[in-house]
Amino acid sequence: MRGARRTAVIVAFLAALAIGAVPSVAVAASVTEQVISRLNRQLLYLAVPIAVLVEAILAYTVWRFRDNDEPEPTKENRQLEITWTIATALVLLFVGTASFYVLAQPTVSTVLDDPQRNAEPGNAPEDAVEAHIVTEQWNYTFEYPEENVTTSESLVLPENRTAYLYITSEDVIHSVHVPELGLKQDALPGQYNLLRTEPTEKGEYRLYCAELCGRGHPEMLSTVQVVSEDEYERWLENPESALNESEANESSANGSATDGGP
Ligand SMILES: [Cu+2]
């Protein structure tokens, strides 16, 4: 009995160590990424002790019965069976409820009433940014219909403002994926799919196609630029010159570096 107690203490200690080893997640760059990474952490906190417990029982069993010449069949233990059935049901109930709660968030799943039209959902905030991401083999066009702006350079979004992204395709099925913002949505010809999010960290995030769509699929890359409100307004006024300006800054920085060289 004392041995069993000692084993239980060791397993609990290992589980606590393993939980401590769960990596803390970097600051989420959007509200969508926040809820997804929180769920991921919750599930890890649950899964790691269970994994440690199962591995510990396995290792103990292998060691304890390593020299057993006369193995006996396992005796029925109804209490143990009822316990692990209820425990498993509780774990699955938690996983199901926590996952459903995240999936039901409008920033994770937003469904359009009529996918043939891009009519905004009724509860959209007034200052929400609306952008269309039009995919085709093998590039993207970003349209801001309310601002009359179209660009293929990158998707520019202001931080801390709700954004509605209407995603569609001109040809085959693509998928718009921005991992750092927690965004992923299929782009289907003839219909709009909606992503709703709110970027919370300025920066440049990689956007790529996550659906094999032909020969040029690996090069179907772009970026999402999350900028301050002021920068966004300036960019909307003159998208071309703003982009050229930043390119000019880059090339002058490169230029001064090469000027100093031989
Ligand atoms: Cu693709």
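So, how was this worked out
Residues numbered from 1 in each chain as written. Predicted model: local features only at pLDDT ≥ 70, side-chain atom pairs only at ≥ 80, totals over all residues. Heavy atoms only, no water. Helix = DSSP H or I, 4+ residues; strand = E, 2+ residues; numbered from the N terminus. Buried < 20%, exposed > 50% of the residue type's maximum accessible area, 1.4 Å probe, protein only. Contact = heavy atoms within 4.5 Å. Axes fitted to C-alpha atoms, helices over the stretch in contact; angles between N-to-C directions. Parallel < 35°, antiparallel > 145°, perpendicular 65-115°, else oblique. Nonpolar A, V, L, I, M, F, W, Y, C, P; charged D, E, K, R; others polar. Donors = N, O, S within 2.8 Å, 3.2 Å for Na, K, Ca; no water. Tetrahedral: all angles 85-135°; square planar, octahedral: opposite > 155°, others 65-115°. Expected span 1.5 Å × (residues − 1). Patch = residues over 30% accessible without salt bridge, like charges linked within 9 Å, V, L, I, M, F, W, Y side chains within 5 Å. Areas by Shrake-Rupley, 256 points an atom, 1.4 Å probe, with all protein chains shown as cover. Salt bridge = Lys/Arg side-chain N within 4 Å of Asp/Glu carboxyl O. Lys, Arg positive; Asp, Glu negative; His and termini not counted. Charge placed at Lys NZ, Arg CZ, Asp CG, Glu CD. Pairing = 2+ DSSP bridges.

Asks: Explain the overall build of the chain to me, and be specific about the residues and the numbers.
Replies: Tallying secondary structure elements over the chain gives five helices and 10 strands in all. The 262 residues of the chain split such that 33% are buried. A separation threshold of at least 6 residues defines the contact pool for the chain, and within that pool the share at least 24 residues apart is 69%.

Asks: Break down the packing of helix α2 (residues 31-64) against helix α3 (residues 78-103) for me, citing the residues and quoting the values.
Replies: For any two helices packed against each other, one specifies the crossing angle of their axes together with the interaxial distance. The N-to-C vectors of α2 and α3 enclose an angle of 170 degrees; their axes lie 10 Å apart at closest approach. Accordingly, the angle class assigned to the pair α2 and α3 is roughly antiparallel. Counted together, Val35, Leu39, Gln42, Leu43, Leu46 and Ile50 of α2 and Val91, Phe94, Val95, Ala98, Ser99 and Val102 of α3 form the full contact between these two elements. Looking at the contact of α2 with α3, its residues break down into 10 nonpolar, two polar and no charged.

Asks: So what about the coordination of the copper ion? Which residues, and what values?
Replies: Note on metal sites: the ideal angle is 109.5 degrees for four tetrahedral donors, and 90 or 180 degrees for six octahedral donors. Cys209 (SG), Glu211 (O), Cys213 (SG) and His217 (ND1) make up the full set of protein donors to the copper ion, lying at 2.0 to 2.5 Å. One can describe the donor arrangement at the copper ion as tetrahedral, given that its four donor atoms subtend angles of 86 to 127 degrees at the metal. Between consecutive donor residues of the copper ion, the sequence gaps follow C-x1-E-x1-C-x3-H. A relative accessible area of 5% places Cys209 in the buried class. You can call His217 buried: its relative accessible area is 16%.

Asks: Could you give an account of α2, naming the residues involved and the relevant values?
Replies: Here α2 is 34 residues long and its end C-alpha atoms lie 50 Å apart, about the 50 Å a rise of 1.5 Å per residue gives. Taken together, the buried positions of α2 are occupied by Val31, Thr32, Glu33, Val35, Ser37, Leu39, Val48, Val52 and Ala56.

Asks: I'd like a rundown of a negative patch on the surface, residues and numbers included.
Replies: A cluster of acidic side chains, namely Asp67, Asp69, Glu70 and Glu72, defines a negative patch on the protein surface. Topologically, Asp67 is positioned in the loop between α2 and α3. Judged by relative accessible area, which is 69%, Asp67 ranks as exposed.

Asks: Tell me what's going on with the sheet that holds strand β6 (residues 174-178), and back it up with residues and numbers.
Replies: Sheet architecture is open: five strands sit in the order β4-β10-β9-β6-β7, paired in mixed fashion. Two strands in the sheet have a free side with no partner beyond their single neighbour: β4 (155-158) and β7 (183-187). Taking the axes of each pair of neighbouring strands and ignoring which way they run, one obtains an average angle of 20 degrees across the sheet. Across five bridges, the pairing between β6 and β7 is antiparallel. Residue Val176 lies in a different strand from β7, and its bridge partner there is Gln185. The sheet contacts of helix α4 (residues 229-237) involve β4 and β10 (221-227), and relative to β4 the element is tilted by about 135 degrees.

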